[in-house]
Structures are given as structure tokens and as C-alpha cells.
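Residue-level structural notes
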Amino acid sequence: QVHVVESGGGLVQPGGSLRLSCAASGSIFSCNAMGWYRQAPGKQREMVATSTSGTSTNYADSVKGRFTISRDNAKNTVYLQMNSLKPEDTAVYYCNAECMNYQKAYQNTWGQGTQVTVSS
């Protein structure tokens with residue numbers, strides 16, 4: 001069983017920065033794709049940034065140039081550095097991890113979410 005836990009959300013003023021962290025734990029051999037998604041009130045969940053176990057990353061157009069995703073594969077951890085935050089970035093941010101266990105079976109797991117609020 002794989003567990004995913006996010007941390008680092010909070011309240012920040014427009015133009016400020018936050019760093020989110022997400023750690024996957026449990027019976028993990030390796031994690032392939034790890035990424036961040038967000039859901040604002042009344043809206044569907046959307047992809048923010050994803051990273052594969054190699055060097056491939058993908059960003060939503062709305063965050064390109066402001067957000068940076070990075071990983072520590074040894075710790076099965078992914079980070080999201082968010083700079084120049086805007087009120088429209090306000091949402092619950094969810095981490096998703098696709099990890100392989102020692103039986104070589106993949107499991108896709110969502111975290112519980114962390115609230116990010118950008119407001120003056």
C-alpha cells in the first residue's frame with residue numbers, strides 16, 4: 001500500500017512564494033510519474049505540473065515561468081516551488097504518485113490535498 005502526504009500550503013499575499021512538498025511512502029520499489037493538481041471551488045481538478053522518473057516535466061500554461069516541479073527520487077518526494085503567486089492560484093493542491101511496489105505492480109495514489117490561498 002502506498003501513502004501520499006502533502007505539506008506546505010497556507011496563506012500568502014499576491015506576488016509571494018510557497019513551496020509544497022509531497023512524500024510517497026509504503027511498499028515502494030520506485031515511483032514513475034509524480035505530479036501536482038489543483039481544484040478551485042466550483043471548478044474541475046486540473047493538472048498543474050508533472051514529472052516522470054527521468055527528466056521530463058510538464059506544466060499548465062497558466063503556471064509556466066512561475067512554478068517549478070522537482071523530485072528527490074531517493075526519497076520518493078516531489079516538490080512544487082510556486083513564485084509570483086496570483087489570487088487565481090487559490091485552490092486545494094493535490095499530489096498524485098504512480099509508484100511500483102516490489103511485486104512490480106503499479107499503484108496510482110492521491111494525497112489528501114493542501115490548501116493554498118493567495119489573498120491580500
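Small disclaimer: the values here were computed from a predicted structure and weren't measured.

Attention now moves to the state of the cysteines. In this structure the tally under the stated criterion is two disulfides. Put simply, Cys22 and Cys95 are joined by a disulfide, and their sulfur atoms are 2.0 Å apart. One quick way to see it: the torsion about the S-S bond of Cys22 and Cys95 is about -75°, and its sign makes the bridge left-handed. Of this pair, Cys22 sits in strand β3 (residues 18-26) while Cys95 sits in strand β9 (residues 91-100); the two residues are 73 residues apart in sequence, bridging distant segments of the chain. Residue classification places Cys95 among the buried residues on the basis of a relative accessible area of 0%. Each sulfur in the disulfide pair Cys31 and Cys99 lies 2.0 Å from the other. Its S-S torsion of about 85° marks the bond between Cys31 and Cys99 as right-handed, since a negative value means left-handed. Note that Cys31 is positioned in strand β4 (residues 30-39) and Cys99 in strand β9, a separation of 68 residues in sequence.

Further remarks concern the environment of Asn32. When you line up the elements, Asn32 lands in strand β4. The spacing of Asn32 and Ala97 is 65 residues in sequence and 7.6 Å in space, taken between C-alpha atoms. Setting aside anything within four residues of it in sequence, one finds Asn32 in contact with Ser51, Thr52, Ser53, Arg71, Glu98, Cys99 and Tyr106.

Basis of the calculations
Along every chain, residues carry numbers that run from 1 in the direction the sequence is written. Reporting of local features is limited, given that this is a predicted model, to residues whose pLDDT is at least 70; pairs of side-chain atoms are given and counted only at 80 or more, and all residues count toward the totals for whole chains, interfaces and linings. Note that water and hydrogens are dropped before the side-chain values are worked out from all heavy atoms of the structure. Disulfide: a pair of cysteine sulfur atoms within 2.5 Å of each other. Strands are runs of DSSP state E lasting at least two residues, helices are runs of H or I lasting at least four, and both sets are numbered from the N terminus onward. Working definition: with a 1.4 Å probe on protein chains only, accessible area under 20% of the residue-type maximum means buried, over 50% means exposed, and in between means partly exposed. Contacts are assigned to residue pairs that have any heavy atoms within 4.5 Å of one another.

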